[in-house]
Each structure stands twice: as structure tokens, then as C-alpha cells.
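Observations on the model geometry
Letter by letter, the chains look like this.
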Amino acid sequence: MFSARAHLFGEWPPGERSLPGFFQALRTFTRAHRAAYRAVKEVRPSAQIGASVNDLLSLPAPGPTVGADALLCRAEHAAQDRLFRSHVIDTSDWLGLNY
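Residues numbered from 1 in each chain as written. Predicted model: local features only at pLDDT ≥ 70, side-chain atom pairs only at ≥ 80, totals over all residues. Heavy atoms only, no water.

Moving on, we come to the nonpolar core. Counting residues in each nonpolar core, the largest one holds 9 residues, listed as A4, L8, F22, L26, A51, V53, L72, F84 and V88. For this core, the secondary structure elements donating two or more residues are α1 (2-8), α2 (19-43), β1 (50-54) and α3 (66-88). Setting aside its immediate chain neighbours within four residues, L8 contacts S3, E16, R17, L19, F22, L72 and E76. (Core = buried A, V, L, I, M, F, W, Y, C linked by side-chain atoms within 4.5 Å. Buried < 20%, exposed > 50% of the residue type's maximum accessible area, 1.4 Å probe, protein only. Helix = DSSP H or I, 4+ residues; strand = E, 2+ residues; numbered from the N terminus. Contact = heavy atoms within 4.5 Å.)

Summed over all chains, the structure comprises 4 salt bridges. Residue R5 pairs with E11 through a salt bridge whose shortest N-O separation is 3.8 Å. The class for R5 is buried, based on a relative accessible area of 17%. In this structure, D69 engages R17 in a salt bridge whose closest nitrogen and oxygen atoms are separated by 3.9 Å. Of this pair, D69 sits in helix α3 while R17 sits in the loop between α1 and α2, and the two are 52 residues apart along the sequence. Using a relative accessible area of 15% as the deciding quantity, one classes D69 as buried. Here R17 falls in the exposed class, since its relative accessible area comes to 55%. (Salt bridge = Lys/Arg side-chain N within 4 Å of Asp/Glu carboxyl O.)

What follows concerns a nonpolar patch on the surface. On the surface, F2, W12 and F29 cluster together into a nonpolar patch covering about 280 Å² of accessible area. With respect to the helices, strands and loops of the structure, F2 is situated in helix α1. (Patch = residues over 30% accessible without salt bridge, like charges linked within 9 Å, V, L, I, M, F, W, Y side chains within 5 Å. Areas by Shrake-Rupley, 256 points an atom, 1.4 Å probe, with all protein chains shown as cover.)

With respect to the element layout, A25 can be found in helix α2. Judged by its relative accessible area of 11%, A25 falls in the buried class. Sequence-wise, A25 and I89 are 64 residues apart; in three dimensions their C-alpha atoms are separated by 18 Å. Filtering out sequence-adjacent residues up to four positions away, A25 remains in contact with S3 and H7.

Attention shifts here to α2. For α2, built from 25 residues, the straight-helix expectation of 36 Å at 1.5 Å per residue is met to within 8% by its first-to-last C-alpha distance of 37 Å. Residues of α2 that are buried include every one of G21, F22, A25, L26, T30, H33, Y37 and K41, and no others. (Expected span 1.5 Å × (residues − 1).)

Okay, here's the thing in C-alpha cells:
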């Protein structure tokens, strides 16, 4: 959610519309989650660690930018579903679902 709002839609800081920035933010979040999971489990193996993910439907805005908006909506869905969840599931004891 943060990476999409910040890097795809430009609504949150840094307020840019950058597909490369979006993917870089997702890679950073994924690496941070995996590193934190390993570090916490090393100190306390019984700790329950997870991630909250968003399951939302993004629809393109009608009008002259509908094509670009549709591309961004598909990218956001793919990122949430494939680029984050699938990379943290093996380092999560649970997944929270925001809807």
C-alpha cells in the first residue's frame, strides 16, 4: 500500500509517479521483512512474526488517462500479490489481511 501510494500514485512522500521507484520500494520492504524475521527468530525462536497485506481492488479513473491508470492498477495488484506476498510467505508465521 505504501509503495503504491508513494511511488505509483504520488499521494504520499516522496510524492512521485515512478514505476522503478515502486519496484525498488517493494524490494526494500521484502528484504527488510526477511532480515527482521531471521534476526528476531535467532533471539526468540518462539516469536510469532508476520506481515499485514492489503487486498483491495484498484480501478482506473475514467477519462483521458484511463489507459495509464489501468496499467498502474494492474501493477499495484501484481506487486501486492506476486512481488510481496509470495516473497514473505516463507518468513511469516501469519499474514494479516487489510480489506
